[in-house]
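Architecture and fold: a report
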Amino acid sequence: MASSLTKDSSSTPGSEKTFFGHPRGLATLFLTEMWERFSYYGMRALLVYYLVSGGADAATGSQGGGLAMTAATATAIYSVYLSMVYLMAMPGGWFGDRVWGARKTVTIAATVIMLGHLSLALPGQAMFFVGLALVAVGSGLLKANISTMVGHLYDGPDDPRRDGGFTLFYIGINLGAFVAPLVIGTVGKEYNWHLGFALAAVGMGLGLVQFLFFTRHLSPKSSEVPNPLTPQERNSVLVKVVAAVALVAVFYAAVVALGMYTLNWALVPLTLAGLVIPIAVIVRIKRDKELTGSEQSKVNGYVWFFVAAAIFWMIYDQGGSTLSLFADDKTAGSVLGFDFSATWYQSLNPLFVMALAPVFAWLWLWLARRNQEPNTIVKFAMGLVLVGASFFVFVVPMGMAGDGTKVSPMWLVSIYMIQTIGELCLSPVGLSVTTKMAPQKYASQMMGVWFLAVTAGDCTTGLLSIAGVDLNGTGIIAMQATLAVAAGLAIYMYRKKVQALMGDVH
């Protein structure tokens, strides 16, 4: 990486070198995010397998030592965990804006994530859930602030290097996500679960060390607290947090004392919170009397995109649960005589993103020059139809594997590729339309609302699993596929109405 650092007098003040023509601080943030994603996606690749693994299999030599849960419970935990990561992005942004500043928040977040992975590396169910909670909290804190720090490196929104800088940063995300399942996934699943979790801790540790060592290259703005709490506000927040924690502690202590506690006592409230909070946030913004008529209309239009995104992520994020279980149980684990771990399928999405993102960027520009580029509404519809189509494709190998036959890995490769194409139609456009349609008063908070669409989608999956719905069944897969395609077609059919609500946003 050092060879990419070249002297450039036009770089940020106090720095003599650049990172591929960008401020040198981008290298620091690139590596921090790369290692954080390495730890996150490595642990995620193991999560469902660890939850369902029981005793060692003498016939195949596979390791045991997991928590021996049902597939439904594992899917629920996985879905709730993902939803909490994105739910924590909103308070994470609040801490960066009002308490610690972005740089300090990222330092604390990385430390919490590392401690979470170390907790996962210790045997026992109690340490597992402690670790999971720490990683979720830390990931939310980091996610909300590190992108802000990338923006601080540039001279405002009009800096011509800004978009390129975020593109390089995005490559760091996908690079970490690509390597993690190959390394952490293989070590954890095939050799020792806790060694895999420990490797995730090492990855985050490396990211934290280089962040602290090269923090001098970051913008001074990253250390500022943009809107610090007043002493009165700080006291009020502290009282409310202590009261809430005490109330929850007393409630669960009573549940345990009465011998009523089961895992659902934790999963159900978290799942419901993940559904209620996004709705409450949107309703609160919508009911704000200070919004202009135009802003009110745009919020109404944004609801269409939010619901569409929630349906999309509900299906897409099952790549690490429903598809992972199918990969391990019913898909051949070798190609041309080469054996590989089922965790490797988790590397397909970042691989496809890195390969196809430049193609899509070129395609949209090429179409735009000919005035043929699909608008935001059509792109969303395309994303939904594609993610639905991926599950219609999934129904085919599910039927083939019904008699115990191991299907070709190419079925899953095809499904992940279709989903990635859908993601490239919907995700970048969703981030862009969120910034364009946000009321001025809620410009920062609306980015958190976009992440809440992921929370709502994953919590829907979690709630279905808790309710006993078998998400690994052909019927429910076909139902979800139908829902996504129908939602995509509905958005397309009502595109003129949605466009009218969007006003001057195209």
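In what follows, the structure referred to is the one given above.
Scope of this entry: the structure provided in the associated data block. (Residues numbered from 1 in each chain as written. Predicted model: local features only at pLDDT ≥ 70, side-chain atom pairs only at ≥ 80, totals over all residues. Heavy atoms only, no water.)

**Some words on empty space enclosed by the protein**
Counted under the stated rule, the structure contains one cavity of 30 Å³ or more. Forming the walls of the largest cavity are I282, I285, V299, Y302, M446 and V449. Those elements that place two or more of their residues in the lining of the largest cavity are α9 (264-286), α10 (293-316) and α15 (445-466). Here the residues of the lining of the largest cavity are counted per class, giving six nonpolar, no polar and no charged. (1 Å grid on protein atoms, 1.4 Å probe; cavity = no way out; pocket = protein on both sides within 12 Å on 5 of 7 lines; lining within 4 Å. Points joined across faces, edges and corners; volume = space filled by probe spheres on them. Helix = DSSP H or I, 4+ residues; strand = E, 2+ residues; numbered from the N terminus. Nonpolar A, V, L, I, M, F, W, Y, C, P; charged D, E, K, R; others polar.)

**Digging into the environment of I171**
Take I171: it is sitting in helix α6 (residues 162-190). Residues I171 and Q232 lie 61 residues apart in sequence; the distance between their C-alpha atoms is 42 Å.

**Quick word on the packing of helix α1 (residues 25-52) against helix α11 (residues 322-330)**
Running from N to C, α1 and α11 point in directions that differ by 65°, and their axes come no closer than 10 Å. When the axes of α1 and α11 are compared, the crossing they make is right-handed. Across the interface between the two elements, V48, Y49 and V52 from α1 touch S324, L325, A327 and D328 from α11. When grouped by side-chain class, the residues that make up the contact of α1 with α11 number five nonpolar, one polar and one charged. (Axes fitted to C-alpha atoms, helices over the stretch in contact; angles between N-to-C directions. Left-handed = near helix turned anticlockwise from the far one by under 90°. Contact = heavy atoms within 4.5 Å.)

**Section: the packing of aromatic side chains**
The geometry of an aromatic ring pair is captured by the separation of the ring centres together with the interplanar angle, meaning the angle of the planes. A full pass over the atoms with the stated rule returns 28 aromatic pairs. For the ring pair Y252 and Y261, a centre distance of 6.4 Å and an interplane angle of 70° mean the geometry is edge-to-face. Its relative accessible area of 23% is what places Y252 among the partly exposed residues. Overall, the relative accessible area of 38% leaves Y261 in the partly exposed class. Here a set of aromatic residues connected by ring pairs shows up, and it is made of Y50, F128, F129, W193 and F197. Taking NZ or CZ as reference, R37 lies 4.2 Å from the ring centre of Y40, over its face. The aromatic ring of Y49 is capped on one face by K189, whose charged end is 5.0 Å from the ring centroid. (Phe/Tyr/Trp six-rings, centres within 6.5 Å; stacked < 30°, edge-to-face > 60°. Buried < 20%, exposed > 50% of the residue type's maximum accessible area, 1.4 Å probe, protein only. Lys NZ or Arg CZ within 6 Å of the ring centre and 35° of its normal.)

**What to know about α9**
With 23 residues, α9 ought to run about 33 Å at 1.5 Å a step, and its terminal C-alpha atoms sit 33 Å apart, in line with that. Within the span of α9, buried status applies to L267, T271, G274, P278, V281, I282 and I285. Buried residues along α9 sit against α2 (71-87), α3 (89-98), α10 and α15. (Expected span 1.5 Å × (residues − 1).)

**Structural notes on the environment of G140**
Within the secondary structure, G140 sits in helix α5 (residues 125-152). Classification of G140 as buried rests on a relative accessible area of 0%. Each C-alpha atom, one on G140 and one on D458, is 15 Å from the other, the two residues being 318 residues apart in sequence. In this structure G140 touches V85, M88, A89 and G92, once residues within four positions along its chain are discounted.

**Some points on the pattern of salt bridges**
Summed over the entire model, instances satisfying the criterion amount to five salt bridges. Two residues, E233 and R98, come together in a salt bridge whose shortest N-O distance is 2.9 Å. Residue E233 is found in helix α8 (residues 231-257), and its partner R98 is found in helix α3; the two are separated by 135 residues along the sequence. The partly exposed category is assigned to E233, whose relative accessible area is 31%. Residue class for R98 comes out buried when judged on its relative accessible area of 16%. Through salt bridges that share partners, K189, E190 and D328 make up one connected network. (Salt bridge = Lys/Arg side-chain N within 4 Å of Asp/Glu carboxyl O.)

Just geometry here; none of it tells us what the structure is for.
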